[in-house]
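# Summary of structural features
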Amino acid sequence: MMFISEKKKRWMGLVLVVGMTIASVSTASVMFPNRALAQHSHAGMLETYYNPSHTLAQNVNETLEISSSSTLANMVSVRVTDQPFYIDNTGLRIDPYNRTTPYYQISREWKLKNETFVQKELLIEGKKVVIAFADAVSSYQNDPVIEKMVRKQMEYELSSQVQWKNQDHKAFINELINKGMIVIESVKKPQEFTYISWVRGKGEVLGRKPLTEYDKKEKIQSIFNQKVYLNNSSNGGQEKQLGSSFKMSEGQILAMDINQTSDKMPTVNWSIKDVTTGKIIDRFVNAESGYRYIYTPSAESSNHVFKVTMSGEISDWAEAEIFTYAR
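Residues numbered from 1 in each chain as written. Predicted model: local features only at pLDDT ≥ 70, side-chain atom pairs only at ≥ 80, totals over all residues. Heavy atoms only, no water.

### Comments concerning the nonpolar core
Let me state the cut-off plainly: Only buried Ala, Val, Leu, Ile, Met, Phe, Trp, Tyr and Cys residues count toward a nonpolar core, and they belong to the same one when joined by side-chain atoms within 4.5 Å. Throughout this description, buried means an accessible area under 20% of the type-specific maximum (1.4 Å probe, protein chains only), exposed means over 50%, and partly exposed covers the range between. The helix and strand labels rest on DSSP assignments: H or I over at least four residues marks a helix, E over at least two residues marks a strand, and numbering proceeds from the N terminus. Only heavy atoms matter for contacts: two residues are in contact if any of them lie within 4.5 Å across the pair.
L254, M256, W270, F284 and I322 are the most contacted members of the largest nonpolar core, which has 31 residues in total. If you list the elements that add at least two residues to this core, you get β8 (219–230), β11 (252–260), β12 (267–274), β13 (279–288), β14 (291–296), β15 (305–312) and β16 (316–326). Once residues lying within four places of it in the same chain are set aside, the contact partners of M256 are W270, I272, F284, Y291, R292, Y293, I294, V308, E321 and I322. In this structure, V60, I87, L176 and V187 belong to the second largest nonpolar core, which totals 30 residues.

### Some thoughts on the pairing of strand β4 (residues 127–133)
As a reminder of what qualifies: Two strands pair if DSSP finds at least two bridges between them.
Counting buried residues in β4 gives five out of seven residues, a clear majority hidden from the surface. With seven bridges joining them, strand β3 (residues 118–124) and β4 adopt antiparallel strand pairing. Residue pairing in the sheet places Q119 in a bridge with A132 of β4. The turn linking β3 back onto β4 is made up of two residues, and E125 within it adopts a positive phi angle of 50 degrees. Two strands pair when backbone bridges link them, and β4 and strand β5 (residues 180–188) are joined in this way by three bridges, in the parallel orientation. Following the sheet pairing, I131 is matched in β5 by I182.

This is the structure we're talking about:
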């Protein structure tokens, strides 16, 4: 019998493959974007995932990993998984509309109430919400930023309206609060942020992480560093090349920093092309402001010529920097 595991968004985080950590901190300047909280109803908000094709009871069971007595349900194993995300010092999530400085990276999930972890109780909107802390992060039990994060999300979710014709989100959250607890599993400070990385082709490594003051690098080549007016790619517009084409020798890493985007165009699209072979290496679609994107050539593609292009979801201005540094 086949068992299917389905991973979904829970806290509105990005579903990405976690790979190896790349590069260490050295000296050089790093530009931080002029990021601000945009006027957007969902800016910075966290929300527990609800599958609109399932019933309220099914969603509660899937979120808390409660086994179902249904034969059909047992044939297909569905697990709603948490993905690491970033918050600012007010407890709001870093997202395309909340382009503020990241304070923590958080990993957490809902679990059935138990006595396994250190825990505390918060009174939110008249509800007793239990927060538990894994052993490795028990020192964060009274952290004010984490408490703000939980309070803001619960206040938002308990006041949210029906989002789908068969969804009562408030009832869903109330059931989770009654039966479950929010378990904080990992807390990372900016100096501990690592790249989410993946491999393409014959060993080329790509990755992304939020820009922090710990990402200063000694530049080998400065390729581009200015504002640029981007074409609207959704209407068939062409991506614009940023800077000149360049050669990368073995041991170099390409860094692409998005320092600023607009509220009308909060994300952009990057492409990296190997000019020597004529092949597109990869595209970063809906790339967010305040992030560094990196590319490391394989041994086979070292000393090739490359170029970087960019487009927007609409035509608007963005500010970016592209350079190489030593591995």
